[in-house]
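One letter stands for each residue in the lines below.
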Amino acid sequence: MYHFILNGEKVVAKEDKRLLEYLREDANVTSVKNGCNGEGVCGACTILVNGRKLRACLLTTAKVEGKEVTTVEGLSEREKEIYTWAFAEAGAVQCGYCIPGMIISAKALLDKNLNPTNQEIKKAITGNLCRCTGYVKIEKAIELAAQ
Ligand code: FES
């Protein structure tokens, strides 16, 4: 049994398994995507663990024992409103598959720096692949969210 906090609630995983699968299949947290067969290269499964940006496909339930795991489902209502507005305003969403991971990367950045430069935004989403829009509109959305 592995105990941790998921989006503010205590949860128990019965077995040690890949965190990505636990989240999607056992906890019904479906914002976290498997975009690269869990090889750690696409960023679609990006989550925060104790505030640090990590990839759920490279973690296990045992590795997050006692820690705090946050996905976009765990954002505050205010944060959800801001990111929804900013991404819509910038026209940054097409298929949407990468967006939860992008938002987690944005949150990891904006929680520390509310006035990021474009270079800092670019760096923050370096590990998040988008195959539709390119990155300019996503960077714009993060700029808007920062305001
Ligand atoms: Fe692609 Fe985790 S599923 S990085």
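Residues numbered from 1 in each chain as written. Predicted model: local features only at pLDDT ≥ 70, side-chain atom pairs only at ≥ 80, totals over all residues.

(A) Quick peek at the overall build of the protein. Each helix and strand counted, the protein has 5 helices and 5 strands in total. Listing each helix as α and each strand as β along the protein from the N terminus yields β-β-α-β-β-β-α-α-α-α. Based on the C-alpha atoms only, the size of the protein along its principal axes is roughly 45 × 30 × 20 Å. The buried share of the protein, reckoned over its 147 residues, is 41%. Sequence separation of at least 24 residues holds for 60% of the intrachain contacts in the protein that already meet a minimum separation of 6. (Helix = DSSP H or I, 4+ residues; strand = E, 2+ residues; numbered from the N terminus. Buried ≥ 20, exposed ≤ 12 C-beta atoms within 10 Å, placed from the backbone. Contact = placed C-beta atoms within 7 Å.)

(B) Geometry of helix α3 (residues 99-110). In this model, α3 (12 residues) spans 16 Å end to end at C-alpha, consistent with the 16 Å of a helix rising 1.5 Å per residue. Summarising burial for α3: 12 of the 12 residues are buried, a large majority. Among the residues of α3, those classed as buried are I99, P100, G101, M102, I103, I104, S105, A106, K107, A108, L109 and L110. (Expected span 1.5 Å × (residues − 1).)

(C) Layout of the packing of helix α2 (residues 77-89) against helix α5 (residues 136-146). Packing of α2 against α5 leaves a shortest axis separation of 8 Å and a crossing angle of 140°. Considered as vectors, α2 and α5 are oriented oblique to each other. α5 is crossed by α2, and the crossing has right-handed handedness. Residue-level inspection shows I82, Y83, A86, F87 and E89 of α2 in contact with α5, the latter providing A141, L144 and A145. (Axes fitted to C-alpha atoms, helices over the stretch in contact; angles between N-to-C directions. Parallel < 35°, antiparallel > 145°, perpendicular 65-115°, else oblique. Left-handed = near helix turned anticlockwise from the far one by under 90°.)

(D) Focus on the domain arrangement of the protein. When the domains of the protein are assigned, the result is domain 1 (2-73) and domain 2 (75-146). On the side of domain 2, 13 residues touch domain 1, which itself brings 15 residues to the contact. Looking at the side of domain 1 that touches domain 2, its residues break down into 7 nonpolar, 6 polar and 2 charged. (Domains from an automatic or database assignment. Nonpolar A, V, L, I, M, F, W, Y, C, P; charged D, E, K, R; others polar.)

(E) Molecular detail of the sheet that holds strand β5 (residues 68-70). Spatial strand order, β2-β1-β5-β3-β4: 5 strands in an open sheet with mixed pairing. Lying at the two open borders of the sheet, with one neighbouring strand each, are β2 (9-13) and β4 (52-55). In this sheet, adjacent strand axes meet at a mean angle of 40° when their direction is disregarded. Bridge count between strand β3 (residues 46-49) and β5: 2 bridges; the pairing is antiparallel. Residue pairing across strands places L48 opposite T70, the latter belonging to β5. Sheet strands in contact with α3 are β3 and β4, and its direction is about 35° off that of β3. (Pairing = 2+ DSSP bridges.)

(F) How the structure looks around the environment of T60. For T60, the position within the fold is in the loop between β4 and β5. Put simply, T60 and K14 are 46 residues apart on the chain and 12 Å apart in space, counted from C-alpha to C-alpha. Excluding residues within four positions of it along the chain, T60 makes contact with D16, K17, R18 and L19.

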